[in-house]
Amino acid sequence: MPILREIDVKYRFKEIDCDITGMPVHQPAAIARLFDYLKYETKEVFIVVNLTKQHDINCFEVVATGSVDAVSLRPAEVLRTAVILNLKVVMLIHNHPSGKTEPSRADINITRHIVEAAKTLDITVLDHIIIGLNQYTSLQETHPDIF
């Protein structure tokens, strides 16, 4: 007998004491300060910050954790929460455990793929921030053609 799978997605609110939800994000430096703790991570961590239309932080999700110099992910995984929550704006963040924030070819390529997939879904990718040791790089500032 064939089996039919049903997906049931539930969205629940959970009250927590958190200083970043509802905070507006207008500058890359502000988001870099919020996620500065990533400079201590020994593996690459990729985070998507889901924003309201007014660019207030709604939530963030750790999408993937990789190795010391790479992380593997798909655009669908990055945009999943924005689609479920019907949010129109996201910001991408990941760290470089080496401390250097120069974007790799892989960083640029995955950003391009995510931006293109997001456009199809009417989602705006504001920026992709790379966190290093006491520094950050904004791909919106260094590679604006991607966006």
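Our structure is the block above this text.
What this report covers is the structure whose coordinates are included nearby. Throughout this document, residue positions are counted from 1 along each chain, in the order its sequence is written. Selection of residues for local features in this predicted model requires a pLDDT of at least 70, selection of side-chain atom pairs for listing and counting requires 80 or more, and totals for whole chains, interfaces and linings are taken over all residues. The side-chain values count all of the structure's non-hydrogen atoms but skip hydrogen atoms and water molecules.

### Comments concerning the sheet that holds strand S1 (residues 45-51)
Alright, step 1. Paired strands are those between which DSSP finds at least two bridges. Under the scheme used here, helices are H or I runs from DSSP no shorter than 4 residues and strands are E runs no shorter than 2 residues, and both carry numbers assigned from the N terminus. Taken in spatial order, the 5 strands make up an open sheet running S2-S1-S3-S4-S5, and their pairing is mixed. Edge positions in the sheet fall to strand S2 (57-65) and strand S5 (135-138), since each of these pairs with one other strand and no more. The average undirected angle you get between the axes of adjacent strands in this sheet is 20 degrees.
Alright, step 2. Sheet topology note: the strand S3 (residues 89-95)/strand S4 (residues 124-132) ladder contains 6 bridges and is parallel. By the bridge assignment, Leu92 is partnered in S4 with His128.
Alright, step 3. The contact criterion used is simple: two residues touch if any of their non-hydrogen atoms lie within 4.5 Å. Only C-alpha atoms enter the line fits that serve as axes; for helices the fit covers just the stretch in contact. Angles between N-to-C directions range over 0 to 180 degrees. Of the strands in this sheet, S1, S2 and S3 touch helix H2 (residues 75-85), which is tilted by about 150 degrees from S2.

### Considering unusual backbone geometry
Alright, step 1. We note that His55 has phi near 70 degrees; this positive angle belongs to a residue other than glycine.
Alright, step 2. By secondary structure assignment, the location of His55 is in the loop between S1 and S2.

### A look at the layout of surface pockets
Alright, step 1. What the second largest pocket holds in volume is close to 190 Å³.
Alright, step 2. No other element matches the 3 residues that helix H3 (residues 105-120) contributes to the lining of the second largest pocket.
Alright, step 3. Across the lining of the second largest pocket, the residue classes tally to 6 nonpolar, 4 polar and 3 charged. Only protein atoms enter the 1 Å grid used here, on which a cavity is any set of points holding a 1.4 Å probe that cannot leave and a pocket is any open set flanked by protein within 12 Å on both sides along at least five of seven lines; residues with an atom within 4 Å of a point are listed as lining. Grid points are joined across faces, edges and corners, and a volume is the space filled by probe spheres set on the points. For this scheme, ten residues count as nonpolar: Ala, Val, Leu, Ile, Met, Phe, Trp, Tyr, Cys and Pro. Four count as charged, namely Asp, Glu, Lys and Arg, and the remainder, Gly too, count as polar.

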